[in-house]
Amino acid sequence: MPLSSFVIIIFIYFFSNFYFKNVKNNKDKGVLIIAPMIMNISAVYPVIFLNFPDKYIQNVALFDLSNGILTLTFTYSIAIKFGSENKKIKFKKLLSPPLLALFIGLIFNYKNINLEILSIIFTYVKYAITFTIYFSLGSLFYFEKNFLKKILQVNFIRFFAGILIAIIIGLVINLDKTSLKILFLCATAPCGFNTLTFAVLENLNIKLASSIISISLINYFLIAFIILLF
């Protein structure tokens, strides 16, 4: 799973650079390149919670591992390249609670640490997380119609690049049907909120970033529904 997200991000980076090479405005170009690279796995978790056994959550977490690491390093460096004047990474603003939680969870797993109190509350917490994620998606919705063409282009790259890589991985690795579905759900995840975070930090086109994220989320639920049907 970690290798899958790594391959998707690197592929999208080179493809986006080629596809948007004629875009002159650096503030737009930076957003157009990083947006399809950042996968919003937080939108995937509710889909997995509601449709698959809890044991498959670890597959999503492992997929998000390299996604989170590359987002906070490689992808952020691209945002700096196109936006920042001082060219310095603001690490203090990029502490990622989900990434920290994942590392702590991996340590607990490796050390075989079992806290029964956590097992008791996990069931309640997961549904609370589902609610808050969907609430945030609705409350942060934004769309600027002037960017429609660019929005569609970025979403095409995000979803179809993910599908393409997932198909190739599925052909190379013999996965069971459930694992393959989860791979597709992760690979086609919508553009992540860090696109907007980086746009704000590095003075990129904030309205374009917000529009891409919002439309990407709507598209994802349709795509996730289709994936779940098969």
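Residues numbered from 1 in each chain as written. Predicted model: local features only at pLDDT ≥ 70, side-chain atom pairs only at ≥ 80, totals over all residues. Heavy atoms only, no water.

Visitor: If you had to explain the overall build of the protein to someone new, which residues and values would you point to?
Guide: Within the protein, the secondary structure is distributed over ten helices and zero strands. Seen in sequence order, the protein has helices and strands lined up from the N terminus as α-α-α-α-α-α-α-α-α-α. Here the protein, with 230 residues, has 47% of them falling under the buried criterion. Partitioning the contacts of the protein with sequence separation of at least 6, the portion at a separation of at least 24 is 82%. Summing over all exposed atoms, the protein offers an accessible surface of approximately 12600 Å²; the carbon and sulfur share of this is 69%. (Helix = DSSP H or I, 4+ residues; strand = E, 2+ residues; numbered from the N terminus. Buried < 20%, exposed > 50% of the residue type's maximum accessible area, 1.4 Å probe, protein only. Contact = heavy atoms within 4.5 Å. Areas by Shrake-Rupley, 256 points an atom, 1.4 Å probe, with all protein chains shown as cover.)

Visitor: Account for the side chain of Asn-155, naming residues and giving values.
Guide: Its location among the elements puts Asn-155 in helix α7 (residues 148–172). Its relative accessible area of 3% is what places Asn-155 among the buried residues. If we ignore the near neighbours within four places in the chain, the residues touching Asn-155 are Ile-212, Ile-215, Ser-216 and Asn-219.

Visitor: Lay out the nonpolar core with the relevant residues and their values.
Guide: Membership of the largest hydrophobic core comes to 60 residues, with the highest contact counts inside it found for Ile-41, Val-44, Ile-48, Val-60, Leu-185 and Ile-212. The set of elements that each furnish at least two residues to this core consists of α1 (2–19), α2 (26–34), α3 (44–51), α4 (57–83), α7, α8 (177–187), α9 (194–201) and α10 (206–229). Here the element with the most residues in this core is α4; it accounts for ten residues. If we ignore the near neighbours within four places in the chain, the residues touching Leu-185 are Val-44, Val-47, Ile-48, Phe-52, Tyr-220, Ala-224, Ile-227 and Leu-228. (Core = buried A, V, L, I, M, F, W, Y, C linked by side-chain atoms within 4.5 Å.)

Visitor: Account for the environment of Ala-79, with residues named and values stated.
Guide: Summarising the element assignment, Ala-79 is placed in helix α4. Spatially, the C-alpha atom of Ala-79 lies 9.7 Å from that of Asn-26, the residues being 53 residues apart in sequence.

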